[in-house]
Amino acid sequence: MMRAVVLSGPGPVGNLVVRDVPVPEVRAGWVRVAVRAFGLNRSELHTRLGLAEGVSFPRVPGIEAVGVVDALDPADAGSGPAVGQQVVTMMGNMGRTYDGGYAEYTLVPVGQVIPFSSELPWEVVGAVPETLQTAYGSLTTGLDLAAGQTLLVRGGTSSVGLAAAALAKGLGATVLATTRKAGNVDVLKAQGVDHVLIDDGDVAGAVRALYPAGVDAALELVGTPTLPDTLAATRVHGTVCFTGMLSNEWLVRDFYPIGYLPKGVRLTAYGGESGDLPEEVLQRYLDEIAAGRISLGPTHVYRMDDIRQAHTDMEMGHTVGKLVVLTGP
């Protein structure tokens, strides 16, 4: 048996219960990971609130986890990471159509794990996988960001926003980032943000005051309520990448492209899987953290028994940065 967080069905945090369940049995093509830590994501909040599609209950949530390979089918020996290898795993319907990372063990497709080697504490590694995958994919596939360009991060104090700022600075970009709270300015400055903007709903005006033509690229992490203003902050032939929905709103009602999109501003989107995060990118990022050359931003660590408090903090926006749960004592 193992301890796991089980979501009985959509609803309040009280539907998350820590209980003993059977350890998943290894089968061909899948690998069992002994989970050391898992990060919390808005995706799991959407699942708990009943906003996610294709989820059956009861379900162990969690779209990411970090740990070590515990077991694999003998037929798969040599085709994937060996037992004892440190790995991250994420996405691929984890926590939706099959049980996810909120547990001491999780069973995932062998192609869905990414090996790494690091002496960083598990609570640090646990903050990385989905955050890095999303930020890296948004800046590369989504925006094709280059040195010397300007980037607006709408939703800068989210874990993805903080990671995107650090990665963009590493690329040589100038970073503007938003926050609704003046008390978060120092957090963003510590992450290397060049211009912190207090989000009062009219960010485009503040951006244009700094860069009259608009920014080269913008990363939208808040959702559709702020998307028109983010588009208005972007220059002709600039690109906005829609990646996040901190607002829990992601649909544009009665979308009329000619009326909605400013002339010449490009709108794209990003949503990735584990295969979209190259192993060498993950390893380099962990090495940069270990060397003190890059910062994750604030990380808030919980124990499994505190999962309801962690979900409450995520839902209510009580924290800045990434929330991570350790499975061990």
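See the structure above.
The structure displayed is predicted, hence computed values, not measured ones. (Residues numbered from 1 in each chain as written. Predicted model: local features only at pLDDT ≥ 70, side-chain atom pairs only at ≥ 80, totals over all residues. Heavy atoms only, no water.)

*Asks:* Report on the overall build of the protein, specifying residues and quantitative values.
*Replies:* Per the secondary structure count, the protein includes 10 helices and 15 strands. Whereas a compact globule of 329 residues would reach a radius of gyration of roughly 20 Å, the protein reaches 20 Å, a difference of no more than 12%. Based on the C-alpha atoms only, the size of the protein along its principal axes is roughly 60 × 40 × 35 Å. Burial statistics for the protein: of 329 residues in total, 52% are counted as buried. Considering only contacts within the protein whose residues lie at least 6 apart along the sequence, 69% involve residues at least 24 apart. Positive and negative side-chain charges of the protein, numbering 24 and 34 respectively, have mean locations separated by a distance of 4 Å. (Helix = DSSP H or I, 4+ residues; strand = E, 2+ residues; numbered from the N terminus. Rg over C-alpha atoms; globule rule 2.2 N^0.38 Å. Buried < 20%, exposed > 50% of the residue type's maximum accessible area, 1.4 Å probe, protein only. Contact = heavy atoms within 4.5 Å. Lys, Arg positive; Asp, Glu negative; His and termini not counted. Charge placed at Lys NZ, Arg CZ, Asp CG, Glu CD.)

*Asks:* Please provide a residue-by-residue account of the nonpolar core, values included.
*Replies:* Counting 49 residues, the largest nonpolar core has V128, L139, L151, L282 and Y285 as its most contacted members. Contributing elements (two or more residues each) for this core: β5 (86-90), α3 (129-142), β8 (150-154), α4 (159-171), β9 (174-179), β11 (215-220), α9 (279-290) and β15 (322-326). It is α4 that provides the largest number of residues to this core, a total of 8 residues. In this structure, V128 is in contact with L282, Y285, L286, I289 and L296, ignoring residues within four places of it in sequence. If you look at the next biggest cluster of nonpolar residues, it comprises 22 residues, including A4, V5, L45 and M304. (Core = buried A, V, L, I, M, F, W, Y, C linked by side-chain atoms within 4.5 Å.)

*Asks:* An account of the side chain of E130 is requested, with residue identities and associated values reported.
*Replies:* Following the sequence through the fold, E130 ends up in helix α3. It turns out E130 is buried and unbridged, and the closest side chain with the opposite charge, K322, is 7.5 Å from it. Those residues within four positions of E130 in sequence are excluded, and the remaining contacts are N41, I63, E64, M90 and M91. (Salt bridge = Lys/Arg side-chain N within 4 Å of Asp/Glu carboxyl O.)

*Asks:* Tell me about the pattern of salt bridges, residues and numbers included.
*Replies:* Using the criterion set out here, one finds 10 salt bridges in the structure. Between E315 and R48 there is a salt bridge, with its nearest N and O atoms 2.5 Å apart. Separated by 267 residues along the polypeptide, E315 in helix α10 (residues 307-316) and R48 in helix α1 (residues 42-48) bring together distant segments of the chain. Residue E315 is classed as partly exposed on the basis of its relative accessible area, which comes to 32%. Note on R48: relative accessible area 1%, which makes it buried. Across the salt bridge formed by R235 and D216, the nearest N and O atoms sit 2.6 Å from each other.

*Asks:* So, α10: which residues are in play, and what are the values?
*Replies:* Count 3.6 residues to each turn of an α-helix, and residues three or four apart come out pointing the same way. Looking at α10, one finds that the buried residues are I307, A310, H311, D313 and M314. Buried residues of α10, viewed axially, fall in a sector of 160°; they line one side. On its buried face, α10 is in contact with β1 (2-7), β2 (16-21), β3 (30-39), α1, β14 (299-303) and β15. Directly beyond the C-terminal end of α10, a positive phi value near 70° is found at G317. (Arc of directions from axis to C-beta.)

*Asks:* Please give an account of the sheet that holds strand β12 (residues 234-242) that cites residues and values.
*Replies:* What the 6 strands build is an open sheet, ordered β10-β9-β8-β11-β12-β13; its pairing is parallel. The sheet is open, and its two edges are formed by β10 (195-198) and β13 (266-269), each paired on a single side. Each strand of the sheet is rotated relative to its neighbour by a mean of 20°, with strand direction disregarded. As defined by bridge partners, β9 adjoins β10 across 4 bridges and the pair is classed as parallel. Looking at β10, one finds that A177 is bridged to V196. Seen against the sheet, α3 touches β8, β11, β12 and β13 and runs at an angle of roughly 145° to β12. Running at roughly 165° to β9, α4 makes contact with β8, β9 and β11 of the sheet. (Pairing = 2+ DSSP bridges. Axes fitted to C-alpha atoms, helices over the stretch in contact; angles between N-to-C directions.)

*Asks:* If you had to explain the packing of α3 against α4 to someone new, which residues and values would you point to?
*Replies:* The interhelical angle for the contact between α3 and α4, taken along N-to-C directions, is 55°, at an axis separation of 9 Å. Between α3 and α4, the crossing angle belongs to the class labelled oblique. In terms of crossing hand, the pair formed by α3 and α4 is right-handed. Listed contacts from α4 to T131, L132, T134, A135, Y136 and L139 of α3 are S159, V160, A163, A164, L167 and A168. For the contact of α3 with α4, a count of residues per class yields 9 nonpolar, 3 polar and no charged. (Parallel < 35°, antiparallel > 145°, perpendicular 65-115°, else oblique. Left-handed = near helix turned anticlockwise from the far one by under 90°. Nonpolar A, V, L, I, M, F, W, Y, C, P; charged D, E, K, R; others polar.)

*Asks:* If you had to explain the packing of aromatic side chains to someone new, which residues and values would you point to?
*Replies:* Applying the stated rule across the entire model yields 4 aromatic pairs. Look at W30 and Y98: their rings are 5.1 Å apart centre to centre, the planes differ by 80°, and that puts the pair in the edge-to-face class. On the criterion of sequence distance, the pair formed by W30 in strand β3 and Y98 in the loop between β5 and β6 (105-109) is long-range, its members being 68 residues apart. Ring geometry for F38 against Y102: centres 4.5 Å apart, planes inclined by 20°, an arrangement best described as stacked. With a gap of 64 residues between them, F38 in strand β3 and Y102 in the loop between β5 and β6 connect regions that are remote in the sequence. A cation over a ring is seen here: R27 above W30, with NZ or CZ 4.0 Å from the ring centre. (Phe/Tyr/Trp six-rings, centres within 6.5 Å; stacked < 30°, edge-to-face > 60°. Lys NZ or Arg CZ within 6 Å of the ring centre and 35° of its normal.)

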